[in-house]
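# Observations on chain architecture
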Amino acid sequence: MSRSAHPAGPRHADVLPEGHYSAPADDLNALDPKVWAHTVGRDADGVVTVGGIAVTQLAEEYGTPAYILDEADFRDRARAWRTAFGNDADVFYAGKAFLSRAVVRWLHEEGLNLDVCSGGELATALSAGMPAERIAFHGNNKSPEEIERAVRAGVGRIVLDSFQEIVRVAHIAQSLGTRQRVQIRITVGVEAHTHEFIATAHEDQKFGIPLADGQAAEAVRRALQLDGLEVIGIHSHIGSQIFDMSGFEVAAHRVVGLLRDIRDEHGVELPEIDLGGGLGIAYTSDDDPREPHEIAKALTEIVTRECEGARLRTPRISVEPGRAIVGPTAFTLYEVGTVKPLDGLRTYVSVDGGMSDNIRTALYDAEYSVALASRTSDAEPMLVRVVGKHCESGDIVVKDAFLPGDLAPGDLIAVPATGAYCRSMASNYNHVLRPPVVAVRDGAARVIVRRETEDDLLRLDVG
Ligand code: LLP
């Protein structure tokens with residue numbers, strides 16, 4: 001999903017095998033600020049530090065593997081999004097990227113709203129004190145129980161995803177004697193993943209109601225007639241890890257077109273439009289993400305221009321970044337267990353975690369970078385594949401990268417940009433225990449999600 005795919009030069013090995021990898025950096029000890037959290041650096045001994053704490057100390061105290069999250073960086077990024085969009089727009093952090101009660105509190109303090117997509121995420125948000133009116137509830141198949149819980153809690157909006165759900169939410173709200181604020185999620189026929197930009201093909205997926213054939217207009221027609229619903233806007237989410245704004249441009253054009261049709265047919269100007277999340281981050285040095293202020297400016301201009309063209313009042317815009325806020329703020333700290341050179345191919349470096357703590361490489365062919373973290377080294381770079389400890393050959397964490405040739409068991413290595421969709425998609429495959437999330441700030445570390453124990457595993461196994 002990353003864009004990095006440059007062949008390496010022949011500089012550091014006689015023969016390099018086929019693969020998608022960048023040439024090794026001139027200095028393997030350097031930490032590219034694009035892919036590392038803001039407070040990451042190296043101390044005088046060459047040990048990687050975050051928030052002023054050495055990873056060797058973190059490993060000793062909390063063990064490995066561990067997700068190490070830079071709280072100051074998380075707050076900075078959350079605030080940057082909030083500031084970029086200002087008071088006339090709303091930023092909903094997408095909790096699916098990574099959610100914990102500490103994260104909910106940080107978001108609350110930094111003035112962000114929260115997007116949840118399951119009863120579990122809703123429970124986490126409410127238990128950490130996020131005001132219900134600042135929560136948006138998503139999902140293509142919310143259960144009646146989840147809907148009832150969300151309505152009773154008073155969530156600010158439920159994003160409706162199908163004709164059946166329109167009726168379902170309306171009935172539940174009405175039976176509870178209330179009117180639920182809702183947005184209708186539509187598919188605009190655009191999907192954008194990084195460079196790919198495929199128009200029209202993507203009504204063929206499970207989310208949303210297609211704009212095509214007037215289905216979205218029909219959904220709005222029905223929703224407007226139901227007493228249990230207050231239709232506040234239209235929602236569109238076009239994809240993931242997007243660098244190019246043209247997909248949003250087409251989406252905004254089509255969503256505003258629908259708002260215009262709604263005004264013409266019903267005399268109603270819906271007050272909100274949500275353009276979803278999906279903004280890309282740097283997983284490797286070859287990725288060049290945009291800054292929140294550039295994104296805010298581009299999206300606001302697009303929507304304003306489209307609305308002027310349609311003679312509509314500009315609706316309140318909201319966005320739902322997940323990855324772009326939490327992704328870069330964390331790295332995974334592993335201990336090297338074995339180093340296995342395969343002649344003429346590459347060196348396999350096995351770590352004490354793997355596909356159970358980062359499924360993204362196996363699932364999406366995602367690209368990551370990696371650095372030796374417990375020391376520096378001047379040894380020649382070697383081409384490595386960082387693999388996990390699972391009984392599966394697809395158990396790859398970093399497919400192709402360079403690490404110093406003197407790497408040895410016991411070294412700590414760190415994989416940056418694992419804050420999003422790693423802990424939240426972690427599993428217990430092979431009954432491997434899920435790592436903790438350790439938040440570091442101003443020289444202090446604390447566990448915000450603890451490491452699983454064998455007791456946790458056995459507690460679920462009731463014999
Ligand atoms: N809003 C909606 C309606 C979404 O479906 C998503 C992501 C987001 C916001 C947040 O997108 P973000 O800004 O985090 O890209 N597991 C995949 C990503 C799945 C994203 C699903 N929806 C991965 O690891 O890349």
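This is a predicted model, so every value here is computed, not measured.

What counts and how
- Residues numbered from 1 in each chain as written.
- Predicted model: local features only at pLDDT ≥ 70, side-chain atom pairs only at ≥ 80, totals over all residues.
- Heavy atoms only, no water.
- Helix = DSSP H or I, 4+ residues; strand = E, 2+ residues; numbered from the N terminus.
- Expected span 1.5 Å × (residues − 1).
- Contact = heavy atoms within 4.5 Å.
- Axes fitted to C-alpha atoms, helices over the stretch in contact; angles between N-to-C directions.
- Parallel < 35°, antiparallel > 145°, perpendicular 65-115°, else oblique.
- Left-handed = near helix turned anticlockwise from the far one by under 90°.
- Domains from an automatic or database assignment.
- Buried area = accessible area lost by both parts, 1.4 Å probe.
- Salt bridge = Lys/Arg side-chain N within 4 Å of Asp/Glu carboxyl O.
- Nonpolar A, V, L, I, M, F, W, Y, C, P; charged D, E, K, R; others polar.
- Phe/Tyr/Trp six-rings, centres within 6.5 Å; stacked < 30°, edge-to-face > 60°.
- Buried < 20%, exposed > 50% of the residue type's maximum accessible area, 1.4 Å probe, protein only.
- Near = heavy atom within 4 Å.
- Areas by Shrake-Rupley, 256 points an atom, 1.4 Å probe, with all protein chains shown as cover.

### So, helix H6 (residues 163-175)
- In this model H6 runs 19 Å from its N-terminal to its C-terminal C-alpha over 13 residues, within 8% of the 18 Å that 1.5 Å per residue would give.
- Each element contacted by the buried residues of H6 is listed here: helix H5 (144-153), strand S8 (157-160), strand S9 (180-187), strand S12 (209-210), helix H7 (215-224) and strand S13 (229-235).
- Positive phi shows up at Gly177, right after H6, with a value of about 70 degrees.

### Some thoughts on the packing of helix H2 (residues 71-85) against helix H9 (residues 292-309)
- At their nearest, the axes of H2 and H9 sit 8 Å apart, and the two run at 30 degrees to each other. Classified by the angle between their axes, H2 and H9 sit roughly parallel to one another. Seen along the crossing, H2 lies across H9 with a hand that is right-handed. In this structure, H2 uses Ala80, Trp81, Ala84 and Phe85 to contact H9, whose residues at the interface are Pro292, His293, Ile295, Ala296 and Leu299.

### Quick word on the domain arrangement of the chain
- Per the domain assignment, the segments making up the chain are domain 1 (41-70 + 328-460) and domain 2 (138-321).
- Once you take the C-alpha centre of each, domain 1 and domain 2 turn out to be 36 Å apart.
- Counting residues at the interface gives six residues for domain 1, matched by four residues for domain 2.
- Roughly 480 Å² of surface becomes buried between domain 1 and domain 2 when both sides are summed, with 59% attributable to carbon and sulfur atoms.
- Three residues stand out in domain 1 for area buried against domain 2, namely Pro328, Glu367 and Ala417, and they jointly supply 57% of the buried area on that side.
- The interface formed by domain 1 and domain 2 includes zero salt bridges.
- Class assignment of the residues belonging to the side of domain 1 that touches domain 2 gives a composition of three nonpolar, one polar and two charged.

### Side note on the packing of aromatic side chains
- Applying the stated criterion across every chain yields a total of five aromatic pairs.
- With a centroid separation of 5.9 Å and an interplanar angle of 5 degrees, the aromatic rings of Trp81 and Phe85 are classed as stacked. Linking Trp81 with Phe85, this pair stays in helix H2, spanning four residues, or about one helical turn. For the pair shown, Trp81 and Phe85 are each scored as buried.
- Pairing Tyr283 with Tyr368 gives two aromatic rings, centres 5.1 Å apart and planes at 75 degrees, and the pair type is edge-to-face. Of this pair, Tyr283 sits in the loop between strand S14 (272-274) and H9 while Tyr368 sits in the loop between helix H11 (360-364) and strand S18 (371-372), and the two are 85 residues apart along the sequence.
- On the basis of relative accessible area, Tyr283 is assigned to the buried category, the value being 1%.

### Concerning the site of the ligand
- Looking at the ligand, there are 18 residues lining it, with Glu320, Arg323, Arg360, Tyr364 and Tyr421 nearest.
- Coverage of the ligand by the protein amounts to 89% of the 590 Å² it exposes when considered alone.
- Grouping the amino acids of the shell around the ligand by side-chain chemistry returns five nonpolar, seven polar and six charged.
- Residue assignment places the shell around the ligand across two domains, with domain 1 (41-70 + 328-460) and domain 2 (138-321) each supplying three or more.

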